[in-house]
Amino acid sequence: MADFIEKKRQMFLVQMSLDTKRAEIRKLEEQAQQREEALKKSEDMLKEDESRFEAFLKSNDQKAVEAIRKAEQETKMKQDKVQEIKKLNAQIAAIKSEMAKYEESLDE
């Protein structure tokens, strides 16, 4: 009878140990699941940040290209105006020279 009780006691202790281990495993699995979910959320946020950053870089590149194009256009316009001013100054000088000749011929 004592053997029977001892065996029952050992079976109870083994079952209790097994239940404890199962509970511990379940708890660890839940923690692992929570960590996986947090990692997935972090990865999603990182992908979203990367996407926004790529869009920012693309927009920034487009703005830089547009600024360069505009600067080149304005430089060309400035050069055209400088050439026009030189041409007009040459015409003014020619007209002044011509006027000086006429004034000379009138003085004579």
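Just so it is clear, the model here is predicted, and its values are computed rather than measured.

Q: Mind laying out the overall build of the protein, listing which residues take part and the relevant values?
A: The secondary structure content of the protein amounts to one helix and zero strands. Summarising its shape, the C-alpha atoms of the protein cover approximately 160 × 10 × 10 Å along the three principal directions. Split into buried and exposed, the 108 residues of the protein put 0% on the buried side. Once the 23 positive and 25 negative side-chain charges of the protein are each reduced to a mean point, those two points are 7 Å apart.

Q: Please provide a residue-by-residue account of the pattern of salt bridges, values included.
A: Per the stated rule, a full pass over the model turns up six salt bridges. Across the pair Arg9 and Glu6 runs a salt bridge whose closest N-O atoms are separated by 3.6 Å. Taken together, the residues span about one helical turn, with Arg9 and Glu6 both in helix α1 (residues 2-107) at a distance of three residues. By relative accessible area, Arg9 is classed as partly exposed at 47%. Linking Glu66 and Arg69 is a salt bridge whose minimum nitrogen-to-oxygen distance equals 2.4 Å. One end of the pair, Glu66, and the other, Arg69, are both in helix α1, three residues apart, so they sit about a helical turn from each other. Residue classification places Arg69 among the partly exposed residues on the basis of a relative accessible area of 41%. Ionic contacts of the salt-bridge type, sharing partners, join the residues Glu48, Asp49 and Arg52 into one network.

Parameters and conventions
Residues numbered from 1 in each chain as written. Predicted model: local features only at pLDDT ≥ 70, side-chain atom pairs only at ≥ 80, totals over all residues. Heavy atoms only, no water. Helix = DSSP H or I, 4+ residues; strand = E, 2+ residues; numbered from the N terminus. Buried < 20%, exposed > 50% of the residue type's maximum accessible area, 1.4 Å probe, protein only. Lys, Arg positive; Asp, Glu negative; His and termini not counted. Charge placed at Lys NZ, Arg CZ, Asp CG, Glu CD. Salt bridge = Lys/Arg side-chain N within 4 Å of Asp/Glu carboxyl O.

Honestly, that's just the spatial picture; any functional story needs more than this.
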